[in-house]
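So the chains spell out like this:
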Amino acid sequence: NNNSNHSNNSNENSPSLEDIDNGVLQEVAPEKMEVPENMKFLGTGEATEDNNAAKMTATVVLYTLDGDVVNWKTENDLIYVITKGNNRLVVIDSENMTPIYNVPLNGTPAEMNFEGDKIYISLPDLCRIDVFNKADCTKESSLFFDHEIYSFALDGDYVYYSEQDQHCKVYKKNLSTGELINVRTEKIYSFSEPKVYLNREDRILYIGESGSSGSKLYYFDADTLVLKSVFAKNDYGMWNH
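As a convention, each chain's residues are numbered from 1 in the sequence order in which they are written. Totals for whole chains, interfaces and linings use every residue, but because this is a predicted model, local features are given only for residues with pLDDT of at least 70 and side-chain atom pairs only at 80 or more, for both listing and counting. Hydrogens are left out, water is left out, and the side-chain values use all remaining heavy atoms of the structure.

Enquirer: Any chance you could explain the overall build of the protein here in plain terms?
Expert: Numbering of helices and strands starts at the N terminus; helices are DSSP runs of H or I of at least 4 residues and strands are runs of E of at least 2. When you go through the protein residue by residue, the secondary structure sums to zero helices and 18 strands. Considering only C-alpha atoms, the protein reaches an extent of 60 × 50 × 30 Å along its principal axes. Three labels apply to residues, based on accessible area from a 1.4 Å probe with only protein chains included: buried if under 20% of the type maximum, exposed if over 50%, partly exposed otherwise in between. Each of the 241 residues in the protein was classed as buried or not, and the buried ones make up 40%. Partitioning the intrachain contacts of the protein with sequence separation of at least 6 by distance along the chain shows that 38% fall at a separation of at least 24. In this tally Asp and Glu are treated as negative and Lys and Arg as positive; neither His nor the chain ends contributes. Where a charge lies is defined by one atom per residue type: Lys uses NZ, Arg uses CZ, Asp uses CG and Glu uses CD. Separation of charge centres in the protein, based on 21 positive and 39 negative side chains, amounts to 7 Å. We call two residues contacting when some pair of their heavy atoms lies within 4.5 Å.

Enquirer: What's the story with a negative patch on the surface in this structure? I'm lost.
Expert: Patch membership requires more than 30% relative accessible area and the absence of a salt bridge. Residues of like charge join within 9 Å; the nonpolar side chains Val, Leu, Ile, Met, Phe, Trp and Tyr join within 5 Å. For the area figures, the Shrake-Rupley method with a 1.4 Å probe applies, and any residue is considered shielded solely by the protein chains shown. Within this document, salt bridges are pairs made up of a side-chain nitrogen of Lys or Arg and a carboxyl oxygen of Asp or Glu, the two lying within 4 Å of each other. Residues Asp125, Glu148, Asp165 and Glu193 make up a contiguous surface patch of negative charge. Counting through the fold element by element, Asp125 comes out in the loop between strand 8 (118-123) and strand 9 (128-133).

Enquirer: What exactly am I supposed to notice about the nonpolar core here?
Expert: Across soluble globular proteins, you tend to see nonpolar side chains buried next to one another. Ranked by size, the top nonpolar core spans 14 residues in total, and within it Leu89, Met112, Ile119, Ile121 and Phe132 carry the most contacts. Of all the elements in the fold, those that place two or more residues in this core are strand 4 (78-84), strand 5 (88-93), strand 6 (98-104) and strand 8. Residues contacting Phe132, with those up to four places away along its chain left out, are Leu89, Val103, Leu105, Asp117, Lys118, Ile119, Ile121, Cys137, Thr138, Lys139 and Glu140. In terms of nonpolar packing, the next biggest core, distinct from the first, is built from 13 residues, Ala153, Leu205, Ile207 and Ala222 among them. What makes a nonpolar core is a set of buried Ala, Val, Leu, Ile, Met, Phe, Trp, Tyr and Cys residues whose side-chain atoms join them at distances within 4.5 Å.

Enquirer: Please explain the environment of Met238 as it appears in this structure.
Expert: Here Met238 lies in the segment after strand 18 (227-231). C-alpha of Met238 to C-alpha of Asn71: the two residues are 167 residues apart in sequence and 23 Å apart in space. Contacts of Met238, omitting those with residues within four sequence positions, involve Ser212, Ser213, Gly214, Ser215 and Lys233.

Enquirer: Help me out: how do you make sense of the layout of surface pockets in this one?
Expert: Cavities and pockets were defined on a 1 Å grid built from protein atoms only: a cavity is a group of points that admits a 1.4 Å probe but offers it no way out, a pocket is an open group of points flanked by protein on both sides within 12 Å along at least five of seven lines, and a lining residue is one with an atom within 4 Å of any such point. Grid points are joined across faces, edges and corners, and a volume is the space filled by probe spheres set on the points. In this structure, the largest pocket occupies an estimated 310 Å³ of space. Taken together, 16 residues line the largest pocket, and the ones lying closest to its centre are Asn113, Phe152, Ala153, Tyr197 and Leu198. When contributions to the lining of the largest pocket are tallied by element, the ones reaching two or more residues are strand 3 (68-75), strand 7 (111-115), strand 11 (152-155) and strand 15 (195-199). By residue number, the principal contributor to the lining of the largest pocket is strand 7, which donates five residues. Just so you know the grouping, Ala, Val, Leu, Ile, Met, Phe, Trp, Tyr, Cys and Pro go in nonpolar, Asp, Glu, Lys and Arg go in charged, and all remaining residues, Gly too, go in polar. A class-by-class count of the residues in the lining of the largest pocket yields eight nonpolar, three polar and five charged. Counted as a void, the second largest pocket has a volume near 200 Å³. Residue lining of the second largest pocket: 13 residues in total, with Val70, Pro109, Ala110, Tyr150 and Gln164 positioned closest to the centre. Broken down by element, the residue count for the lining of the second largest pocket peaks at four residues, all from strand 3.

Enquirer: Would you mind going over the packing of aromatic side chains with me for this structure?
Expert: Aromatic pairs are defined between Phe, Tyr and Trp rings, using the six-membered ring for Trp, whenever the two ring centres lie within 6.5 Å; interplanar angles under 30 degrees are classed as stacked, those over 60 as edge-to-face, and all others as tilted. For the coordinates displayed, the defined rule picks out eight aromatic pairs. Relative to Tyr218, the ring of Phe191 has its centre 5.1 Å away and its plane inclined at 80°; by these criteria the two rings are edge-to-face. With Phe191 in the loop between strand 14 (180-183) and strand 15 and Tyr218 in strand 17 (residues 217-221), the pair connects residues that are 27 residues apart, well separated along the chain. Across this residue pair, the class does not change: Phe191 and Tyr218 are buried. Plain terms: the ring middles of Tyr206 and Tyr219 are 5.1 Å apart, the flat faces sit at 65° to each other, and that makes the pair edge-to-face. With Tyr206 in strand 16 (residues 204-208) and Tyr219 in strand 17, this pair connects stretches of sequence that are 13 residues apart. Among the aromatic side chains, those forming a connected cluster through ring pairs are Phe145, Tyr161 and Tyr171. The rule is short: NZ of Lys or CZ of Arg within 6 Å of the ring centre and within 35 degrees of the ring normal puts a charge over the ring. Its end group placed over the ring of Phe114, Lys134 keeps NZ or CZ at 4.4 Å from the ring centre. When the ring centre of Tyr158 is taken as origin, the NZ or CZ atom of Lys172, which lies over that ring, is 4.6 Å away.

Enquirer: What am I meant to see in the sheet that holds strand 13 (residues 170-174) here?
Expert: Strands pair in a sheet through their backbones, by hydrogen bonds, and they do so in one of two ways: parallel or antiparallel. Spatially, the four strands line up as an open sheet ordered 11-12-13-14, and their pairing is antiparallel. Only two strands of the sheet have a single neighbouring strand rather than two, namely strand 11 and strand 14. Averaged over all pairs of adjacent strands, the angle between strand axes in this sheet comes to 20°, irrespective of strand direction. When DSSP finds two or more bridges between two strands, those strands count as paired. As defined by bridge partners, strand 12 (residues 158-162) adjoins strand 13 across five bridges and the pair is classed as antiparallel. Axis definition: a line fitted to C-alpha atoms, over the contacting stretch in the case of helices. Angles run 0 to 180 degrees between N-to-C directions.

Written out as structure tokens, the structure is:
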């Protein structure tokens, strides 16, 4: 992709697995695989239920990494991966199937988000988010919190975030003033292993539970933090791993 951040790098200058002996990206293996035809319509709205059974043959690349994959995202031809065990941020050029960056993290990562030209990675044990420059993966700064920070969503001067545990609180913090608000309902003070997601366009904050036989999905007004709705299967919830 000519628009990718590394478009000026020639194939001759791209690192190989032998050049980066980091024990992170261990093997790359392209192979043919049968996949659902609807996969080519992801993000287009053209995938149909009637087409669920249709299959197609695709070239799939299997990347074997040392450490457990915690979270990954793609942008242009680049794959960004955070791993635990070895605690790394790894960037892979999917076009050349080679590693570009391998950055050690200061703690066990939990979640990764992009904001403009920055990469944000939460480190629960350190109660902080480390910020990296997307262009060269150098660490630029850190955001500090009073609690373990697991899942998070950025929104200008604000960050919505959850603690890391089965019974967790979710907060909205003003990064400029330090003001902290507990996101809760009239009856619910904590959530089970929650993940947060912000729909900026519709100003909806989603909190999805896991690790409970009665996991629910909550919808809050992102600005007032008033509960808008709850999805609870059979009025109880569902077992969500």
